[in-house]
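Here is what each chain is made of, one letter per residue.
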Amino acid sequence: MTGQAILVAAVQVGVVVALAPVLAGVTRQTRARLEGRAGAGVWQPWRDLRKLVAKAPVRATGSGWLLRVAPVVLLSSSLLVAALLPLVGAVSLPLVPDDLFVVVSVLLVGTVAVALLGLDAGTAFGGMGSSRHMTIAALVEPTVLVAVYALSIPVGSSALSLIVQARLDSSAVIASPVSLLAVLALGIVVLAETGRLPVDNPSTHLELTMVHEAMLLEASARDLAWLELGSWVRLAALLGLVGNLVAPWGIDTRVSAAGLLLGVAALAGKLVVLGGLLGAAEVFLAKLRLFRVPELLAGSFVLAFLAVTASYLVG
Amino acid sequence: MAANVYAQLVGLAAGVLLLTGVLLVWRRSLAASVRLLSVQGAALGALVAVIGVQHREAGLLAVAGLVVLLKAAVLPVLVGRSVPADAGREESPRLNPTAALIAAAVLTVVAYLVSRPIVGSSPDPAVRAVPVALALTLLGFLLLVGRRHALAQLVGFLVLDNGIAAVAFMTAGGLPLVVELGASLDVLLVVLILQVFSARMRVKFGALDLDELTELRD
Amino acid sequence: MTAVQVGLLSQVVLAAVAVAVALVVPAATRAVVAGVSCAAVSVAGAVTGALAMAGQAGSIRLPVALPVDPVAFAPDRLGGLFMLLASVVGVAVAVYGIGYVSGPSASRSSWAALAVFLVGLQLVAAAADVVSFLLAWELMAVGSTVLLLADHARRAEVTAATVWYAALTQLSFALLLAGFAVLTAASGGTGFDTIGSLRPHSAAASVGFVLLLLGFGTKAGLVPLHVWLPRAHPEAPSHVSAAMSAAMVSIGLYGVLLVCVRLLPGGPAWWGVLLAVLGAASALYGILQASVASDLKRLLAYSTTENVGLVVLALGTSVLLRASGATDVADAALTASLLLVVSHAAFKATLFLGAGAVLHATGERDLDRLGGLGTRMPWTGAAFGVASLGAAALPGTAGFVAEWTLLQALIHGARLGDPMVAVVMPLAVGVVALTTGLALLTFVKAYGIAFLARPRSTEADAAHEAGRTMTWPMLAGAAVVVALGLVPGPVAAALATTVGAAGIEPVGLGGIRLTGLNALLDPLALAVLAAAVALPVLVSVARAARRHPARATDLAWGCGGARVSPRMQYTATSYAEPLLRVFDDALQPTRDVEVTHATESRYLVQRVEYRQRLSDVVEVRLYRPVIGWADRVGVQARRLQNGSVHRYLGYSFGALLAVLLVVSL
């Protein structure tokens, strides 16, 4: 049991690391094509990473140990999340169940690491990004936990693999109002957490409108590579989770070679579809004003809250 | 219809009703509000149809057709026609949207609490969804209280009416056809009057901001 | 004579010795000698507390000639826990004080008051009846007031803070007296065991409950009775702030627990709802104020209100769930409240001691003037950083374990049949989540602005590391935060036994299992997993670092320009600005922007002055009117008292006549 769970976790980490840059590539490529550009191809993020790792980092005086540590912490926390979530197989480690509270808090470790990194060098932009980032992170928190609460009520547990398993067993649950509202709320939150439109524009070059990017301005070479890979892995893992909540089919519940292969293929398929959808949606979305973001998050909170209320009515 | 399919369909329709209610509170664009209103009307019609099929009542099916026609098509079109092309969104609602959304969440809880005696231990999924209809009524009131624009208020009024109609259909399997017809005509009349009224207002003040109307005159 | 008896006696004796030493020893060696003797008082307390918590019995009876139950100090398991907690904080504070005190806070009276304060704290937890409880409670109140006053000659704010503190302490005492009086009258005895036999559903029990809750809530800092916290904590010497926030506030919470668990267990559901509402309001209000505060110690004080709110919220859900019959979940919530108390004591003591070290080194507690302390004060920075992680409830720290337990209890508390529970639980989850999110922002701000970036003032630039007696207690506190965060299982199980909660077991590598809830958390295993996934990353970092060593450059990115002035950095005020705008209605800040135009043209701006003031909304809206009203009544009352002896004699005469008439009728 433990051995199988470790195998699944290792496969998940490997697959997500391999797929995360491709996911970023798919999103960018879809967007480029829809906007009438040729695009750099889906493999460009991988090429960027290779280039960044082979460069000598430039570090400004005044930036301290955090510039070295924070990227590693972000990447490790994202990898840990990828290992914990039920992405390829719905099997959890006996001592480290994929409890959603634990997953969320591990994500927060990465969030905090990046926010501190933004403050480290003592520049105006870094502080600005960090402040905005933490404000959004703080307001996202209630939605995440209440949505989880809504999903956990029918199962009686906050373990994600059990939630996904239950949805696989009785797929009628997926279309219920409770689950629709909760997944919608979670979707908005995932966009906010991973710095996508309409909360943050990942491809902006204007420092004053940046949130996530503003904190990375000081990072270069491998530091930047870890930060980029870390955010992509985080996006891939969270999108994979949403994908598995919406369409749990294909996930491996009894660990076997064929099952794992099918799980990997299903995950890759879901990620490509979701990445394409995300890219397509971003063509039509404009970035919200920063002070409109709380409205969006309050809206998603209400959806999550209604999901809980609805679960009392239906249940 | 199998019991669980019936429950699912009622749940889905109720979910759409509630969701559109919340979205109406959330969105400030009038055009979007009108579209949401039409979706809400369709969901209400679907709910009536589902109840009608379950109870095998042809009358209810006719009412469902009427509801869809009136609430999903005629009323939204009527309201939509008077939305001025330049009125993109209401810039400063009385209640700021974040507070309104939180209020919406609280109202849903209130609806859930106060409808306990009605729901009781009834096994009928339609009756169990009464809190949703009640919440819709309260959300309609919230819109009426919280918006400045005359048309946004009209939308609130229609949401309120949808909520009341939903309560009626869920608890008693609907009112007799005649009563329903009368009530619907009433609403239609109100909408027409308000439309004329808002047109007059625009001529008089050049805007539809109800804050202009704070004085009583002889 | 049992060990607990010896421990109790030795605390009293050692406290007397410490007071004597503080008064006698000359100034040159006073700090060391008095600090060590205060620490000895707390060491005795820690040992006694640990023994009592393990279930050993022992009591000291005071000989009194009153017709009441025996006046006795006899700690039960729960009391032992809080005695241990207060004592451990006491040891850290006393040792820290040796290096920290200077000027007025190093005086005879301050050291003597510290000894009295510490022994008072420890004995409150040992009291077994109303009289002994109130006795120790007053000892604690007097000691803390004197300590707070230390610096009153130099700064007027200290006097104002002390007045607020003393007034609310008196209010608290009056409420407690009234509450205990009601319970004593209803049960017919002053002993806690006698009161414990009272039916919790009687009217007297409810009246007593509300009075005691308000009384203890004042001491613990529950909204709206929290107003003394953000005044007293910043003005007190930092080691005293640490003791007040980590130990005294915990003792206030002990009072609430005492009522809910020992005196009136099994109360009706509305008690739980009342507790939960007060707790939720305190948690949200406290963390909102903390997140926008720029004064480091004020920030920590408001964060205390937040944590107290979470504890009371946990306790409230526990009472509510017990009333609706969900015993296993109620037990988990009760354990969560104890875990929250313990973790709060650990990280808050460390944070206040860290803030003290910063104050000691720079003379500043305004975050807007700090910065870059991480390289100048590495040990303080490390301890403060770890404690901040704990306060932000990140995994690997005590705070996370506590909040995880609370959240598990909340999501398993869903009871479809009971509408009250059904409504309270999701709202509580939302409140806890928002609180956690804002706490994250608050402590990223506190640590990031003070310890990272570049110094924002010359004082911060010239900062130096604190001495060993100051760094060791901080590092010990940080170690406790991490230890509780990594191996919480045995601790949680021990805590659960003090309140008789079942279903909390250690599992795996020191993790917690909530058996009734089918949930488990093993932080050490999680850490092992994290290390396993981090290993390849670290290896590739090392390889890349060997091949491509880093280059240093002078300038940070400034949009192509040279932005080197530290004034360009974000400050604590600007960091919280977006949040302040989001919660504008709740916090009601006042802002003035003053623009001075150049003389040549009014299109050219010479300088812009921005001022922002944040006051406590509760204080302005609730207390100011009451104080104004009291003032007016006082002015009216002066007419009764004009200094004429004849009039006073007339009053006495009138009173005598009235009594005679009443008696005869």
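Chemist: I'd love a proper account of the interface of chain C and chain A, names of residues and values included.
Modeler: Interface extent is often summarised as the accessible area lost during association of the parts. Contacts between the two partners involve 68 residues from chain C and, on the opposite side, 72 residues from chain A. Secondary-structure elements contributing two or more residues to the side of chain C that touches chain A are α14 (373-376), α16 (398-412), α17 (419-451), β5 (519-521), α21 (523-547), β6 (551-553), α22 (572-575) and α23 (577-582) of chain C. When the residues that make up the side of chain C that touches chain A are grouped by side-chain class, the tally is 48 nonpolar, 14 polar and 6 charged. By the bridge criterion, 3 bridges tie strand β1 (residues 58-60) of chain A to β6 of chain C in an arrangement that is parallel. Across the sheet, V58 of chain A pairs through a bridge with R551 of chain C, a residue of β6 of chain C.

Chemist: So what about helix α10 (residues 257-284) of chain A? Which residues, and what values?
Modeler: All names here are of chain A. When the terminal C-alpha atoms of α10 are compared, their 41 Å separation across 28 residues agrees well with the 40 Å that a helix rising 1.5 Å per residue should span. Turning to α10, its buried residues number three or more, namely G263, V264, A266, L267, K270, L271, L274, G275, L278, G279 and E282. The secondary structure elements touched by the buried residues of α10 are α1 (2-34) and α9 (221-246).

Chemist: So, the sheet that holds β5 of chain C: which residues are in play, and what are the values?
Modeler: All names here are of chain C. Across the sheet, 3 strands lie side by side as β3-β4-β5; this open sheet has antiparallel pairing. Each edge of the open sheet carries a strand with a single partner, namely β3 (504-507) and β5. The sheet shows a mean angle of 25 degrees between the axes of neighbouring strands, direction not considered. The sheet contact formed by β3 and strand β4 (residues 511-514) spans 4 bridges and is antiparallel. For I504, the partnering residue across the bridge sits in β4 and is L514.

Chemist: Describe in detail unusual backbone geometry, supporting the description with residues and values.
Modeler: Residue and element names in this part refer to chain C. A cis amide bond, omega 5 degrees, links V223 with the succeeding residue P224. Looking at where P224 falls in the secondary structure, it is placed in the loop between α8 (203-220) and α9 (229-235). Phi is positive for A393, close to 60 degrees, though the residue is something other than glycine. For A393, the location among the structural elements is in the loop between α15 (378-391) and α16. According to the C-beta neighbour criterion, A393 is buried, with 29 such atoms within 10 Å. The backbone of Q588 sits at a positive phi, close to 50 degrees, despite the residue not being glycine. Here Q588 shows up in the loop between α24 (584-587) and β7 (590-597).

Rules of the game
- Residues numbered from 1 in each chain as written.
- Chains lettered and ligands numbered in written order.
- Predicted model: local features only at pLDDT ≥ 70, side-chain atom pairs only at ≥ 80, totals over all residues.
- Contact = placed C-beta atoms within 7 Å.
- Helix = DSSP H or I, 4+ residues; strand = E, 2+ residues; numbered from the N terminus.
- Nonpolar A, V, L, I, M, F, W, Y, C, P; charged D, E, K, R; others polar.
- Pairing = 2+ DSSP bridges.
- Expected span 1.5 Å × (residues − 1).
- Buried ≥ 20, exposed ≤ 12 C-beta atoms within 10 Å, placed from the backbone.
- Axes fitted to C-alpha atoms, helices over the stretch in contact; angles between N-to-C directions.

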